[in-house]
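Residues per chain are reported as follows:
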Amino acid sequence: MVLTRSDLSFLIISLIPLLFVSSANADDKPTGVTYDARSLIVNGQRELLFCGSIHYPRSTPDMWPDLFYKAKRGGLNVIQTYVFWNIHEPLQGQFNFEGNYDVVKFIKMAGEHGLYVYLRVGPFIQAEWNHGGFPYWLREVPGVIFRSDNAPFKFHMERYVRMVVEKMKAAKLYASQGGPIILSQIENEYNTIQLAYRHLGDSYVQWAGNMALSTQTGVPWTMCKQKDAPGAVINTCNGRHCGDTFTGPNAPNKPYLWTENWTAQFRVFGDPPSQRSAEDTAFSVARWFSKNGSLVNYYMYHGGTNLDRTAASFVTTRYYDEGPLDEFGLERQPKYGHLKDLHRSINLCRKPLLWGTPGVARLSPDVEARWFEIPGSKECAAFLTNNNSRIAHTVNILPDCKTVVFNTMTIVSQHNSRNFVRSENANKNLQWEMWSETIPSQLPVTSKTPLELYSLTKDQTDYAWYTTTIVINSRDLSLRKDILPVLRVASLGHSMLAFVNGVLIGSAHGSQVEKSFVLQHPVTLKPGVNTITLLGNLVGLPDSGAYMEHRYAGPKGVAILGLNTGTLDMSMNGWGHQVGLNGEKDKLYTEEGLKKVQWKKVEKEGPPMTWYKTIFDEPEGKSPVAVKMTGMKKGVIWINGKSIGRYWLYHIPRSYIKPKDNLMVILEEESASIADVEIMTVNRDTICSIITDDHVPSVKSWERKDNKFRTVVDDAKPGAHLKCPGSKKIEAVEFASFGDPFGACGDLKLGNCNSAISKQVVEQKELFMKENDACPDVKKTLAIQVKCG
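The name recorded for the protein in an unreviewed UniProt entry is Beta-galactosidase, from Erythroxylum novogranatense. What UniProt states about the protein under its Sequence similarities (unreviewed entry) heading is, verbatim, "Belongs to the glycosyl hydrolase 35 family."

See below:
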């Protein structure tokens, strides 16, 4: 085993940037994008395209440059984003393209970083985004049927699509104008619901595709998962293993494009963390390019944060945190580094992949060889694939058909672990104050039955109050004190608090799989007038499926069971309604709004529907910031008047924070203790290398220059390569073992075999020789963990 530098700086190896063709072109070169069966042809040049989804409203403009820098350094040359209709036109005819929503600025900035852009216009996007991107007002257009050959829907869809296209043209953002946009998408995974609309679905697909083509952007349009994509529209694949599941384009002159390679699985409340290994992700991509693929997009490369109320039904605030760049924009290793090495190895195969003749041979029942060779030259690249389903799938990449430079199952790049550190500066002298909502008891009756919750709130708030009253005779109640009547509320979703005579008696909620639920709880009633108050609560609007305009939420049936006179159905008892909370209307989360109520010091657990506020200073350093909601249950947080989403663990964008006197306001729906809420900083300063003799050397050991493939080092061997993030330096070697260590970065442990001088060798910059070998019969692993600072 060799450590590849003569001093401690061997752990800090400079990263060699990958060079990609910029979207900018000289005046004498062609502009725009065409395609054939092999690839997209961008500004006259064939391209291998490595793309990553980064959504502008799921981060902040101050984060975008760092995200683009890391994407480019990770080997990407394309950024993919949706365009989010409901944030741009929240009210019909009123547009917002500012701040986090400045899509033009986002695209321009991507181009300035030498990145192309794949723009998914939709306008239906799904994306685990509120209402699938449709503004709420569209739901109330008379006669509208979403995503169908329906005149009202098509009118508004076309108006929006043309508005977006004209906005891009005005800013000269299409490659045909010298800009970075090389692809656009119309609709999104429509094939999954097309049958529900029968012939109106078939005709809608044709209309949507042809309408998009008529905008004449000078770049191709795509439809993902759409086998009947019309005319020149390219049908593309979504999934985890498109190299083996995609049946191919629907015309022989269209290239193989992969629009969504899922890097994990989005999370909903109640789910465990989602995992997809770096090895499996790399296998799928290598397999794709070995089978004529020319573009892959990682969905998501950086998921970011569902700020404010933008997440769809039950989707968590944290989005695709398991991507190569985590929610905070930090590199998640080894996924980031392993894919970076993969991109470099595929780029070493660039010429034969794009211009070579393909071949395939089965070397054994489980091993397949695929190669690309340019006739009459020495240009050749090969992929050896193990497809045995009983062991780990593997692809070896050989840019010269002889030398293995990358193995999808052996990770040469470094690992890291994420640390949440309590901020001393932000948490010092936190003083919490509280104010509780008044629980309404007798709102004016506005409907015989409880109103539907979506149409009541109109996506302006998550909350609506429902009240009714009943008169109970003493003879209606049991004489036994241990027998209580029961309140039962059947709801179509999403969650609910129930109060009787102003006292919380219980709560219930649905889930992402089953939105509806039944709240059922014993209640104490008194002779005379009793008030029943329900707080209906939404956790996002639906984002997928057919006939979205006909989804409903809120209380459907309300009854009291167990009375001496039998069950009392109150569903048609006459109901009063109030949309939103008083604290929302007074904007208690702002400096001006908080002056409108009388706050008091928090001394014990607060009651349901309580607002909390405090002032804090900016956390030290420059690391990302989060707030840990220990002791809290369900609600929303604002920082200096800006909502950062529905909690559990929140990312607080640094741009939301001032040096001093930051206002944090928390709305908590249930009884909870605020005392343990903490502001944290986030880092990935624990980095590791885990290497065996079976690992291939770093892919940076080779290059292709002047049409020749060659090594750039004297002796290409596997080695430990570690580099701290940013400008940080290695402070300490926390763990080292040469033998059979086990565990993961941040929690490495000694095995049964270990060289006693492992830590000393690493710290003193020596090499592992045969005399260092404590157990010569054991296959060796070198594991190193260091701390950066």
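## Some points on the sheet that holds strand E35 (residues 662–668)
Read across the open sheet, the six strands follow the order E29-E18-E30-E35-E32-E33; overall the sheet is antiparallel. Strands at the two margins of the open sheet, each flanked by one partner only, are strand E29 (600–601) and strand E33 (642–646). Pairing of strand E18 (residues 433–436) with strand E30 (residues 610–616) involves four bridges; the strand directions are antiparallel. The residue of E30 that forms the bridge with Glu-433 is Lys-613.

## Some thoughts on unusual backbone geometry
Across the junction of Gly-122 and Pro-123, the peptide omega takes the value 5°, indicating a cis bond. Here Pro-123 lies in the loop between strand E6 (116–122) and helix H4 (136–139). A cis amide bond, omega 15°, links Gln-333 with the succeeding residue Pro-334. Relative to the helices and strands, Pro-334 resides in the loop between strand E11 (293–302) and helix H9 (335–347). At Arg-147, a residue that is not glycine, the phi angle is positive and equals roughly 55°. Within the fold, Arg-147 resides in the loop between H4 and helix H5 (151–170). Even without glycine at this site, Asn-707 takes up a positive phi of about 65°. Here Asn-707 lies in the loop between strand E37 (702–705) and strand E38 (708–711).

## With respect to the sheet that holds strand E3 (residues 45–46)
Two modes of strand pairing occur in sheets, parallel and antiparallel, and in both the strands are linked by backbone hydrogen bonds. Strands sit in the order E1-E2-E3 across an open sheet of three strands; the sheet is antiparallel. On the outer flanks of this sheet lie strand E1 (33–35) and E3, each paired with one strand and no other.

## Regarding H9
Its 13 residues place the ends of H9 18 Å apart at the C-alpha level, agreeing with the 18 Å of an ideal helix rising 1.5 Å per residue. Within H9, 13 of the 13 residues are buried, which leaves the element mostly enclosed by the surrounding structure.

## Comments concerning the pairing of strand E32 (residues 635–639)
Across the five residues of E32, five count as buried, placing the element largely inside the fold. Residue alternation in E32 divides its side chains into two sets, Gly-635, Ile-637 and Ile-639 and Val-636 and Trp-638, and both sets are buried. Relative to E33, E32 runs antiparallel, the two sharing three bridges. Residue Ile-639 lies in a different strand from E33, and its bridge partner there is Lys-642. Taking the residues that link successive antiparallel strands as the turn, the E32-E33 hairpin has two residues, and the phi of Asn-640 there is positive, at about 50°.

## Some details on the packing of helix H1 (residues 64–73) against helix H3 (residues 103–112)
At a minimum axis distance of 10 Å, the contact between H1 and H3 shows a crossing angle of 40°. Remark: the crossing between H1 and H3 carries right-handed chirality. Across the interface between the two elements, Trp-64, Pro-65 and Phe-68 of H1 pack against Lys-105, Phe-106, Met-109 and Ala-110 of H3. Considered class by class, the residues forming the contact of H1 with H3 number six nonpolar, no polar and one charged.

## Some points on the pairing of strand E23 (residues 503–509)
Taken residue by residue, a regular strand's side chains alternate between the two faces of the sheet. Note: strand E22 (residues 495–500) against E23, six bridges, orientation antiparallel. Looking across to E23, one finds that Val-500 is bridged to Val-503. Where E22 hands over to E23, the hairpin turn is made up of two residues, of which Asn-501 adopts a positive phi near 55°.

## Focus on the environment of Ala-626
Tracing the backbone through its elements, the reader meets Ala-626 in strand E31 (residues 625–628). Distance from Ala-626 to Glu-89, taken between C-alpha atoms, is 30 Å for residues 537 residues apart in sequence. In this structure, Ala-626 is in contact with Phe-328, Phe-420, Leu-649, Tyr-650, His-651, Ile-652, Glu-678, Ile-679, Met-680 and Val-682, ignoring residues within four places of it in sequence.

## So, the packing of helix H8 (residues 278–290) against H9
Axis separation between H8 and H9 bottoms out at 9 Å; the angle between their running directions is 20°. Put simply, H8 runs roughly parallel to H9. For H8 against H9, the interelement crossing comes out right-handed. Contacts between H8 and H9 involve Ala-278, Glu-279, Thr-281, Ala-282, Val-285, Ala-286 and Phe-289 on the former and, on the latter, Lys-335, His-338, Leu-339, Leu-342 and Ile-346. Among the residues making up the contact of H8 with H9, the classes are represented as eight nonpolar, two polar and two charged.

Thresholds, definitions, all that
- Residues numbered from 1 in each chain as written.
- Predicted model: local features only at pLDDT ≥ 70, side-chain atom pairs only at ≥ 80, totals over all residues.
- Heavy atoms only, no water.
- UniProt positions renumbered as here; feature names shortened; annotations may be inferred.
- Pairing = 2+ DSSP bridges.
- Helix = DSSP H or I, 4+ residues; strand = E, 2+ residues; numbered from the N terminus.
- Expected span 1.5 Å × (residues − 1).
- Buried < 20%, exposed > 50% of the residue type's maximum accessible area, 1.4 Å probe, protein only.
- Axes fitted to C-alpha atoms, helices over the stretch in contact; angles between N-to-C directions.
- Left-handed = near helix turned anticlockwise from the far one by under 90°.
- Contact = heavy atoms within 4.5 Å.
- Nonpolar A, V, L, I, M, F, W, Y, C, P; charged D, E, K, R; others polar.
- Parallel < 35°, antiparallel > 145°, perpendicular 65-115°, else oblique.

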